[in-house]
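Coordinate analysis (summary)
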Amino acid sequence: MIEFLKESTFAVNEVISKAWTVTKRNYFSIATLCFLMFITSNASGLMAFFLKDVSKGLSILMAFIFVMFYFTINLSLFKYIFHLLDDEEHDVSIVSTIPTRKQIIRFLVATLYFMLCIVGVYSIVVLIAFPFIYTGIKMDIITNVAISVGVVAIFITWIRISFFPFFIIDKDLPPFLSIKFSLATTKGNFTKIFLLLLVLLSFHLLYLFFSYIHWPVVSFFINILSSFIIVPLSSVALTIAYRKMMSEYKGDAEPDIIHNIV
């Protein structure tokens, strides 16, 4: 177990090190896309606030437009990072990394599958917990245990299937197969992904901690550092982690075969 954790730690260090190199070399372009995502997310919230009393239909339409725009930028970011990893010696245009309409539609459908998987996992936990109501155990105990188990199950499921956008962008896979191969490639890599996410989320956890103990100045600077450094680094690190898992994948379909599946 200790050796496995050591290997996982070294793998995470390798991903973080390479991600830092790529991010540092292309910081402004990557940060620009992250900033556009931030602006889009906040602008949609403001637009919803101002339009809520004007027209519900217009509010829904604008929300849909902003969501589509956000997803497009998000996919462009991943596609841009792929180009940087594959063509490190040449400049890559951000405009050339805009996803196709088919990729955006596939991403939206796969996101729907993603949410259904999350709901399905929690529903299974609830169904398993339901018979315990008739065993005499207090209801609040059953509820607390079911919620705790459900959160853990959802977290594990989220990690296992959250790499589906990379398959859509990198391998041009349809929605269901992108979910399927995310499950396949993350099998055996859960600890590595968890440690990677723990490292990437460490600054946000520090921000929450210092906010909780009412150190506003420290929490402010940590939040700034997280927004301008960790967020761009995280996007690159997850993309590199995906590529590393694909290079080590030994399942039924090799990466070159996956590329031909549409």
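For clarity, every value in this text was computed on a predicted model and none was experimentally measured.

**Structural notes on the packing of aromatic side chains**
Overall, the coordinates contain 20 aromatic pairs when judged by the stated rule. Between Phe71 and Phe107 the ring centres are 4.9 Å apart and the planes differ by 75°, which places this aromatic pair in the edge-to-face class. Here Phe71, found in helix H3 (residues 56-86), pairs with Phe107, found in helix H4 (residues 101-129); they are 36 residues apart in sequence, far enough to count as distant. Judged by relative accessible area, Phe107 falls into the buried class, the value being 5%.

**Observations concerning the pattern of salt bridges**
Inspection of every chain in the model, using the stated rule, returns 6 salt bridges. Asp172 serves as the salt-bridge partner of Lys102, at 3.4 Å between the closest nitrogen and oxygen. Here Lys102, found in helix H4, pairs with Asp172, found in the loop between helix H6 (164-170) and helix H7 (175-186); they are 70 residues apart in sequence, far enough to count as distant. With a shortest N-O distance of 3.9 Å, Lys171 and Asp170 are connected by a salt bridge.

**Here's the deal with the side chain of Thr72**
Examined against the element boundaries, Thr72 turns out to sit in helix H3. Those residues in contact with Thr72 that sit more than four places away from it in its chain are Ile98, Pro99 and Ile104.

**Looking at the confidence of the model for the protein**
Model confidence for the protein is summarised by a mean pLDDT of 81, while 84% of its residues fall at 70 or above. The secondary structure element of the protein with the lowest average pLDDT is helix H10 (residues 255-259), at 47, and the one with the highest is H6, at 92. Contacts of residues 1-7 to residues separated by more than four positions or lying in other chains number 3 contacts, the stretch itself having pLDDT below 50. The low-confidence segment residues 254-262 (pLDDT under 50) makes 20 contacts with residues lying over four places distant or belonging to another chain.

**A few points about the nonpolar core**
Ranked by size, the top nonpolar core spans 27 residues in total, and within it Phe164 and Tyr242 carry the most contacts. Those elements giving two or more residues to this core turn out to be H3, H4, helix H5 (139-161), H6, H7, helix H8 (190-212) and helix H9 (216-248). Beyond its immediate chain neighbours, meaning those up to four positions away, Phe164 contacts Phe107, Ala110, Thr111, Phe114, Ser178, Ile179 and Ser182.

So, how was this worked out
Residues numbered from 1 in each chain as written. Predicted model: local features only at pLDDT ≥ 70, side-chain atom pairs only at ≥ 80, totals over all residues. Heavy atoms only, no water. Phe/Tyr/Trp six-rings, centres within 6.5 Å; stacked < 30°, edge-to-face > 60°. Helix = DSSP H or I, 4+ residues; strand = E, 2+ residues; numbered from the N terminus. Buried < 20%, exposed > 50% of the residue type's maximum accessible area, 1.4 Å probe, protein only. Salt bridge = Lys/Arg side-chain N within 4 Å of Asp/Glu carboxyl O. Contact = heavy atoms within 4.5 Å. pLDDT = per-residue confidence, 0-100. Core = buried A, V, L, I, M, F, W, Y, C linked by side-chain atoms within 4.5 Å.

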